[in-house]
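Observations on chain architecture
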Amino acid sequence: MSESWLLQGGLIVDGSGATPAWRGDVLLQGERIVAMGEGLTSASARRLDCAGKVIAPGFIDVHTHDDALVLEQPDCLPKISQGITTVVAGNCGISLVPLLTEAPQPPLNLLGRTGFRFASFAAYQEAVNAALPAVNVVSLIGHTALRYATMGDVTRPASPAELARMEALLDAALAEGAQGLSSGLFYQPAAAAPAAEVLALARIVARHGGVYASHLRDEMAAILEAMHEAADTAFEAGVPLIFSHHKCAGPANWGRTQETLPLIDRFAARQGVGLDVYPYLAGSTVLREDLVDGVIEVLLTWSEPYPELGGRSLADIAAEWGVDQKEACRRLQPGGACYFQMHEDDVERVLAHRLTMIGSDGLPHDRHPHPRLWGAFPRVLARYWRERGLFTLEQAVHKMTGLSARQFRLQERGELRPGWAADVVVFDPERVQDLASFEAPLLRSQGIDAVFVNGRQAYDGGTAVLVRAGRALRRSSGPGQG
């Protein structure tokens, strides 16, 4: 159903990062923006008074694990309520495609347990479009998923035959519209893969004009070496590189963004490079004994043997059981946790960097998830733009829209321009605020007043999605194309 909307009298922040905000109107017709200016009129359009509000492109969440969420909970309320209109799934080497299993091993179980039923990317896209999610879905193919799909033993490098099978699966998925490749060499099922294995796959991505996103082999003591490995792999393959959720983790590494960010600038002088970040001091992933050091706080997000303990401190659980935290960690597995690994100074440096995009990295299947699932994007605006002044409003929006679309090669999205996709968010710059916390992680943000996906109003600041108008986006597709 085609809709026409006239958004009137708002502060237009176009997502380019270059154009100063200006007051005016935006006219949406069908799936496109058809006009922008002052004093626009339309006899047929529904009107939305945006006085005192910001009109911006819909936010693009470049780092998600929403592969199954968009199928199982297609309202995608955690995302649409933040102003997110497009998600990039399949990060950290973890994707539903092309693995068929009823027993996904960590870290693949971060996507839940029931979604690994798609032998081809085309089949996954068909399922997404049948589910009709509230947001658009862009997908990467995970290196770890490829390994499990082709190898009986993932604790070693792939054989030439196994690597050839991985290349063929990746090539087919890219031909069917996947956006690129992700890796998670930090995780045990991919840790045995040498750089040459990833390079061979990255060369396939280059042939299709895709991107490569890397969860580094190490984000702690050996982070510089891991960054060089990822950058050299991408450079040799000829693909743009995204450093996933860039951080310097662990107290011994606090302050090292003063080394890593200049290194990223040096890489950017020779190759296409980007990075994403979530605006919190804690990360969240599977429960791992090597990340439990007795120093940082660890918050349990889920546990298969002890589901009732989700949301509790690992230290408190260990004390209650009369064991140390590592032993408690072992007993709670398989599970997930938030690790308070970062320092605020580092988070702010990364957020402010000119190449940094925003990604929530939320884990929708956690029983007690990290609050970034519901609050990452409003938090950037509330804490880091409005309160801390780390960047201008135009720069903040650019990090969530235009920059993201450019880095991930999303055509005709990410900016407000006539002829481009009518993915739009209207928010109150004074009220926008994340409310989700580590204690109460499921609270909707406030100040997101209207969200339009492909020209249809999907959200009005309430408790439910109004309309689901998203779709699976193929690589290089524009609005109106699947």
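Refer to the preceding data block for the structure.
Here goes a summary of the coordinates provided. (Residues numbered from 1 in each chain as written. Predicted model: local features only at pLDDT ≥ 70, side-chain atom pairs only at ≥ 80, totals over all residues. Heavy atoms only, no water.)

We now examine the sheet that holds strand β14 (residues 298-303). Pairing is antiparallel in the open sheet, where 3 strands are placed in the order β13-β15-β14. Of all strands in the sheet, those with a lone pairing partner are β13 (283-286) and β14, marking the two edges. Each strand of the sheet is rotated relative to its neighbour by a mean of 20°, with strand direction disregarded. (Pairing = 2+ DSSP bridges. Helix = DSSP H or I, 4+ residues; strand = E, 2+ residues; numbered from the N terminus. Axes fitted to C-alpha atoms, helices over the stretch in contact; angles between N-to-C directions.)

Time to look at helix α11 (residues 325-332). Buried residues of α11: Gln325, Ala328, Cys329 and Leu332, and no others. An end-on view of α11 places all buried positions within 105° of arc, on one side of the element. Contacts from the buried residues of α11 go to β14, α10 (314-321) and β15 (335-339). Of the residues flanking the start of α11, the one acting as N-cap is Asp324, its side-chain oxygen 3.3 Å from the backbone nitrogen of Lys326. (Buried < 20%, exposed > 50% of the residue type's maximum accessible area, 1.4 Å probe, protein only. Arc of directions from axis to C-beta. Contact = heavy atoms within 4.5 Å. Polar contact = N/O pair within 3.5 Å; in protein donor to acceptor, adjacent residues only side chain to side chain.)

Bringing the sheet that holds strand β8 (residues 136-142) into the picture now. Strand order in the open sheet formed by 8 strands is β6-β7-β8-β9-β10-β11-β12-β16, and the pairing between neighbours is parallel. In this open sheet, the two strands that pair with only one neighbour each are β6 (59-61) and β16 (356-358). Averaged over neighbouring strand pairs, the angle between their axes works out to 30° when direction is ignored. Two elements, strand β12 (residues 273-277) and β16, share 3 bridges in a ladder whose sense is parallel. Bridge assignment links Val277 to a residue of β16, and that residue is Ile358. Along the sheet face, helix α14 (residues 393-400) touches β6 and β16 and points at about 75° away from the line of β16.

Moving on, we come to the side chain of Gln457. Within the fold, Gln457 resides in strand β19 (residues 456-459). You can call Gln457 buried: its relative accessible area is 13%. Within the structure, the side chain of Gln457 is placed 3.2 Å from the backbone oxygen of Tyr459, a separation counted as a polar contact. Among all residues touching Gln457, those that are not within four sequence positions of it are Glu3, Trp5, Ala450, Val451, Phe452, Leu466 and Val467.

It is worth spelling out the packing of helix α5 (residues 160-175) against helix α7 (residues 195-208) at this point. Between two packed helices, the angle of one axis relative to the other and the distance separating the axes together describe the packing. α7 packs onto α5 with a crossing angle of 25° between their chain directions and a minimal axis gap of 10 Å. For the element pair α5 / α7, the angle class is roughly parallel. Both α5 and α7 take part in a crossing whose hand is right-handed. The segment α5 lies against α7, with Leu163, Met166, Glu167, Leu170, Asp171, Leu174 and Ala175 engaging Glu197, Ala200, Leu201, Ile204, Val205, Arg207 and His208. (Parallel < 35°, antiparallel > 145°, perpendicular 65-115°, else oblique. Left-handed = near helix turned anticlockwise from the far one by under 90°.)

By the definition in use, this model includes 30 salt bridges. Among the salt bridges present, the one from Arg456 reaches Glu3, with a minimum N-O distance of 3.5 Å. Remark: Glu3 occurs in the segment before β1 (4-12) and Arg456 occurs in strand β19; sequence separation between them is 453 residues. Glu3 sits in the buried class, given a relative accessible area of 12%. (Salt bridge = Lys/Arg side-chain N within 4 Å of Asp/Glu carboxyl O.)

Keep in mind these values describe shape, not function.
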